[in-house]
Amino acid sequence: MSAWDIKPSGVSGVLKKTATAAEAMSKAGTAMQESLKSAASSAGTISGPYCGTEAPMGPVGGALGEFMQHKAQELGYIAVRTEHSLTGAYEATTEYAKGDLDMAANKQKQAIKEPVVNDKGQELGADGKPIEKPGGAK
């Protein structure tokens with residue numbers, strides 16, 4: 001790390017493009033979740049007309065729910081890993097531009113730490129509880 005050679009303007013351009021792609025991925029993930037919910041509720045059941053107004057979930061709906069539950073942690077991990085990478089690159093480059101190579105190296109080390117994500121896709125803090133994000137998102 002003693003020989004850093006960073007062009008902050010180049011990093012800024014890459015971060016902007018990456019953030020745009022990450023935002024599109026996030027929107028696609030949200031749309032997928034909504035589509036899966038809709039598909040699960042529209043898939044029908046194997047029950048007859050005697051279940052009342054609220055029929056139980058059928059096998060296709062159940063399978064879609066299981067799929068989403070299984071994938072939530074993986075999708076959450078991707079989102080958290082992307083966020084940490086973008087933030088770390090920005091912070092390390094900022095410190096580099098200030099001339100503080102030790103702090104830049106520290107920011108980089110923090111960014112590459114493995115995030116811990118629960119089965120709902122939420123990042124967990126050192127206390128094992130979901131980390132609250134600004135604006136109420138988790």
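Please read these numbers as outputs of a predicted model, since none were measured by experiment.

(A) Layout of the overall build of the chain. Within the chain one finds three helices and zero strands. For the chain, the N- to C-terminal ordering of α and β elements is α-α-α. Looking at the chain as a whole, 21% of its 138 residues are labelled buried. Put simply, 58% of the contacts in the chain that link residues at least 6 apart link residues at least 24 apart. Roughly 9700 Å² of accessible area belongs to the chain as shown, and the carbon and sulfur atoms make up 58% of that amount.

(B) Quick look at the side chain of glutamate 95. Mapped onto the secondary structure, glutamate 95 falls in helix H2 (residues 59-98). Those residues in contact with glutamate 95 that sit more than four places away from it in its chain are Asp100, Met103, Ala104 and Lys107.

(C) Summary view of the packing of H2 against helix H3 (residues 101-111). Interhelical geometry of H2 versus H3 gives an angle of 175° and a closest axis separation of 8 Å. In terms of axis orientation, H2 runs roughly antiparallel to H3. Together, Arg81, His84, Gly88, Glu91, Ala92, Glu95 and Tyr96 of H2 and Leu101, Met103, Ala104, Lys107, Gln108 and Ala111 of H3 make up the contact between the two elements. A per-class count over the contact of H2 with H3 returns six nonpolar, three polar and four charged.

(D) Structural detail: the environment of serine 12. Here serine 12 lies in helix H1 (residues 8-42). C-alpha of serine 12 to C-alpha of threonine 93: the two residues are 81 residues apart in sequence and 8.8 Å apart in space.

Rules and cut-offs
Residues numbered from 1 in each chain as written. Predicted model: local features only at pLDDT ≥ 70, side-chain atom pairs only at ≥ 80, totals over all residues. Heavy atoms only, no water. Helix = DSSP H or I, 4+ residues; strand = E, 2+ residues; numbered from the N terminus. Buried < 20%, exposed > 50% of the residue type's maximum accessible area, 1.4 Å probe, protein only. Contact = heavy atoms within 4.5 Å. Areas by Shrake-Rupley, 256 points an atom, 1.4 Å probe, with all protein chains shown as cover. Axes fitted to C-alpha atoms, helices over the stretch in contact; angles between N-to-C directions. Parallel < 35°, antiparallel > 145°, perpendicular 65-115°, else oblique. Nonpolar A, V, L, I, M, F, W, Y, C, P; charged D, E, K, R; others polar.

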